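# Residue-level structure breakdown
Okay, here's what each chain looks like letter by letter:
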Amino acid sequence: MAETQPIEAQFTRAYDEYADAIFRYCYYRVFDREKAKDFMQEAYCRTWKYISQGKKVDNIRAFIYRTANNLIIDEARKKKHISLNQIMEKGFSPSVDNRVATENYFAGKELLKVIDRLDEKYRDVILLKYIDDLSTKEISLVLNETENNIYVRLSRAAAQVKKIVNHQAS
Amino acid sequence: MEDQDMKKVFSKSHEVSLSPEERAHARAAVMNFVVKNPLTFQPVQGQQPRWVFFASMLAARPVAKYATLAVVSLMTVVFFGAGVSVAANNALPGEFLYSVKTEFTERLVRLAIIDDSAKANYDISLLQKRLQEAEQISSKNRLDALTSNRVQALVSIHIADAKSGIRKIKQQQGVGAGLVQDTELQASLNAHAEVLGALSQKTTPGEAEGIKSLAVSIDDQAATMREEQQDERIELFAKDAATVRDSANIAMQKAQSLQVQVAAFIESKKADVSVSTYKKAMTDLDSVTIMVLDGKAALEAGDYNNAFILLQNAVGTAKQIKIYIQNQALLRAQLPLETVNVIGF
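Residues numbered from 1 in each chain as written. Chains lettered and ligands numbered in written order. Predicted model: local features only at pLDDT ≥ 70, side-chain atom pairs only at ≥ 80, totals over all residues. Heavy atoms only, no water.

This part is about the overall build of chain B. Assigned secondary structure in chain B consists of 14 helices and zero strands. Going residue by residue from the N terminus, the α and β elements of chain B occur as α-α-α-α-α-α-α-α-α-α-α-α-α-α. Restricting to contacts in chain B with at least 6 residues of sequence separation, those with at least 24 account for 76%. Put simply, chain B shows about 16,300 Å² of open surface, and 56% of that area lies on carbon and sulfur atoms. (Helix = DSSP H or I, 4+ residues; strand = E, 2+ residues; numbered from the N terminus. Contact = heavy atoms within 4.5 Å. Areas by Shrake-Rupley, 256 points an atom, 1.4 Å probe, with all protein chains shown as cover.)

Right under this line is the structure:
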């Protein structure tokens, strides 16, 4: 937030640019559309609260992700994790677009299974890297770890994804 | 597993997104939060040459503007003495010291401003000040034909000065650079034409002519500006797509910033304006939000002309809301109750 335009305008732009991606990140963490929206909204509000107090934010995108991540972790601590099977039973709705083709629907289900079967420590980096297109440096800021650790984790996560995909194919 | 293969596996993930309604709803909630939790500190300005920063502050920031006026007033003190200076700054049209303010103090401040953009902003602020003063004395039934003519002459000078400054900015920095001031000037005239139109409904003998002639004059100036704006849009759209896109981007930044500021302003003045005006302001603010969202969508779709029109209209509407709310709050504090009822304030 170091540009010359008003802080409110920068924040509004950050909403317009990243809201969808933050929502998506939350969605693939909790598999619940309504909760994902709430987490996204709350992450923005908390970020603004922080900024409005005059505290410095160097990378607002990473900061919002980190806030959303913390919110989800807090929630997970409070409540028991809902399994993907329960989600499937309730009805799976990855997209609001009703025109999504049948093959995409199944592809979406398979994707959810891959994500759900990933270890928690690998899920984060995979979501941030391949779903939200964050750089390794940004992921390190979100997860508060060194870039080297992120590299290693991404490599191990890729190996696990391969294993899961091959297993599903067979 | 290769990076490309990983991307292929997760390629479907982007289908999960917010619907436009969900996005707008969540945006409104977040912006509402921003408005209710304003900054608790004074933001530090970006790196600018000190004099440009100083000059920009003159017209853009009321606190700094008054601080500068205070400095200039100090200079006035040397010539006229402290009492004269203070009285001149508060003088209204028709009063003896009014000329000291318009012919001396304000001209001196204007001369001290070097930056063209800051000078244009200052001219627009003077125009607004003149019209507010006219509205104030009209509320006290003191705007006779002679005073009205004097105000109209000053208004014409400020408009001409502002237009000349905006032209310079456009020549030096491109069309988009003068956009904000252009839209602000247009919005000022539109908003004041509306207020003066409402005020001219009260026909106190001896004053009716003055207020009506000023209302007509401002309405004409606003109509002329609208036509000029149309011509400028045609001129802009004849340029290359990148120029139009850049102008639309400038308009979007300004519109988004104003959207938040005006929302906070409406809430802060809620108790000072009528219920109908508050409702009108909220409806107009909704229109601004819709125009910003549509403008952004058009910009993303590469429809730069449409984006520019939508976002420029959003800036203009937001400015108008601020002006009519400000004016009504000021006039309600001064108008007698029967006048408030007659003109619907």
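This part is about the overall build of chain A. Per the secondary structure count, chain A includes eight helices and zero strands. In chain A, which comprises 170 residues, the proportion classed as buried is 50%. For chain A, the share of sequence-separated contacts (at least 6 apart) that also reach a separation of at least 24 residues comes to 66%. Counting only carbon and sulfur atoms, one obtains 46% of the accessible surface of chain A, whose full area is about 8,600 Å². (Buried < 20%, exposed > 50% of the residue type's maximum accessible area, 1.4 Å probe, protein only.)

Core analysis: the largest hydrophobic core is formed by 63 residues, its most contacted members being A:Ile22, A:Tyr28, A:Met40, A:Tyr44 and B:Phe10. Among the secondary structure elements, those contributing two or more residues to this core are helix H1 (7–30), helix H2 (33–52), helix H3 (60–78), helix H5 (102–117), helix H6 (120–131), helix H7 (136–143) and helix H8 (147–169) of chain A together with helix H2 (20–36) of chain B. Element by element, the count of residues in this core is highest for H1(A), at 14 residues. Those residues in contact with B:Phe10, other than ones at most four positions away along the chain, are A:Leu111, A:Val114, A:Ile115, A:Ile126, A:Tyr130, A:Ile131 and A:Val161. (Core = buried A, V, L, I, M, F, W, Y, C linked by side-chain atoms within 4.5 Å.)

In this section: the interface of chain A and chain B. Contact with chain A, which involves 47 residues of that partner, is made by 35 residues of chain B. A buried area of about 4,000 Å², summed over both sides, lies between chain A and chain B, and 67% of it is on carbon and sulfur atoms. Taking the shortest distance from any N to any O, the salt bridge between A:Lys37 and B:Glu22 comes out at 2.9 Å. The interface formed by chain A and chain B holds five residue pairs in polar contact (both at pLDDT 80 or more) in total. Mapped onto the side of chain A that touches chain B, the elements with two or more residues apiece are H1, H2, H5, H6 and H8 of chain A. Counted by class, the side of chain A that touches chain B contains 27 nonpolar, nine polar and 11 charged residues. (Buried area = accessible area lost by both parts, 1.4 Å probe. Salt bridge = Lys/Arg side-chain N within 4 Å of Asp/Glu carboxyl O. Polar contact = N/O pair within 3.5 Å; in protein donor to acceptor, adjacent residues only side chain to side chain. Nonpolar A, V, L, I, M, F, W, Y, C, P; charged D, E, K, R; others polar.)

A word on the pattern of salt bridges. All names here are of chain B. Under the definition given, this model contains 25 salt bridges over all chains. Taking the shortest distance from any N to any O, the salt bridge between Glu133 and Lys101 comes out at 2.6 Å. Taken together, the positions of Glu133 in helix H7 (residues 116–139) and Lys101 in helix H6 (residues 98–112) put the pair 32 residues apart, joining distant regions of the chain. An identical accessibility class is assigned to Glu133 and Lys101; each is buried. Here the salt bridges do not stand alone but share partners, grouping Lys101, Glu106, Lys129, Arg130 and Glu133 into one network.

This part takes up the packing of H6(A) against H7(A). Residues and elements named next belong to chain A. Interaxial distance between H6 and H7 falls to 10 Å at its minimum, and their mutual angle equals 135°. Here H6 lies oblique to H7, going by the angle between them. For the pair H6 and H7, the crossing hand works out as right-handed. Judged by residue contacts, Asp124, Val125, Leu128 and Lys129 of H6 engage Thr136, Ile139, Val142 and Leu143 from H7. Classifying every residue of the contact of H6 with H7 gives five nonpolar, one polar and two charged. (Axes fitted to C-alpha atoms, helices over the stretch in contact; angles between N-to-C directions. Parallel < 35°, antiparallel > 145°, perpendicular 65-115°, else oblique. Left-handed = near helix turned anticlockwise from the far one by under 90°.)

Turning to the environment of B:Gln328, a few remarks are in order. Positionally, B:Gln328 belongs in helix H13 (residues 304–332). With relative accessibility at 5%, the residue B:Gln328 sits in the buried group.

Each aromatic ring pair is characterised by the separation of its centres together with the angle its planes make. Scanning the model with the defined rule gives eight aromatic pairs over all chains in all. Their ring planes at 55° and their centres at 5.1 Å tell us that A:Phe11 and A:Trp48 sit as a pair that is tilted. Taken together, the residues span a long stretch of sequence, with A:Phe11 in helix H1 and A:Trp48 in helix H2 at a distance of 37 residues. Residue A:Phe11 is classed as buried on the basis of its relative accessible area, which comes to 0%. Pairing B:Phe237 with B:Phe308 gives two aromatic rings, centres 6.0 Å apart and planes at 90°, and the pair type is edge-to-face. (Phe/Tyr/Trp six-rings, centres within 6.5 Å; stacked < 30°, edge-to-face > 60°.)

In this section: the confidence of the model for chain A. All names here are of chain A. Per-residue pLDDT for chain A has a mean of 78; in total, 76% of the residues score no lower than 70. When pLDDT is averaged over each helix and strand of chain A, the minimum, 54, is found for helix H4 (residues 84–90) and the maximum, 92, for H2. Below pLDDT 50 for its whole length, residues 92–106 participates in 23 contacts with residues either more than four positions away or in separate chains. (pLDDT = per-residue confidence, 0-100.)

On to the environment of B:Gly210, then. All names here are of chain B. Here Gly210 is to be found in helix H10 (residues 208–237). For the pair Gly210 and Leu143, spaced 67 residues apart in sequence, the C-alpha separation works out to 5.7 Å. Other than its neighbours up to four places away in sequence, Gly210 contacts Leu143, Asp144, Ala145 and Ser148.

On to unusual backbone geometry, then. For A:Asp133, which is not glycine, the phi dihedral falls at a positive 55°. Notably, A:Asn144 is not glycine yet its phi reads approximately 60°, a positive angle.

Another point: the packing of H1(A) against H6(A). All names here are of chain A. At their nearest, the axes of H1 and H6 sit 10 Å apart, and the two run at 150° to each other. Between H1 and H6, the interaxial angle falls into the category roughly antiparallel. Between H1 and H6 the crossing geometry is right-handed. Contacts from Arg24, Tyr25, Tyr28 and Arg29 of H1 reach H6 at Glu120, Arg123, Asp124, Leu127, Leu128 and Ile131.

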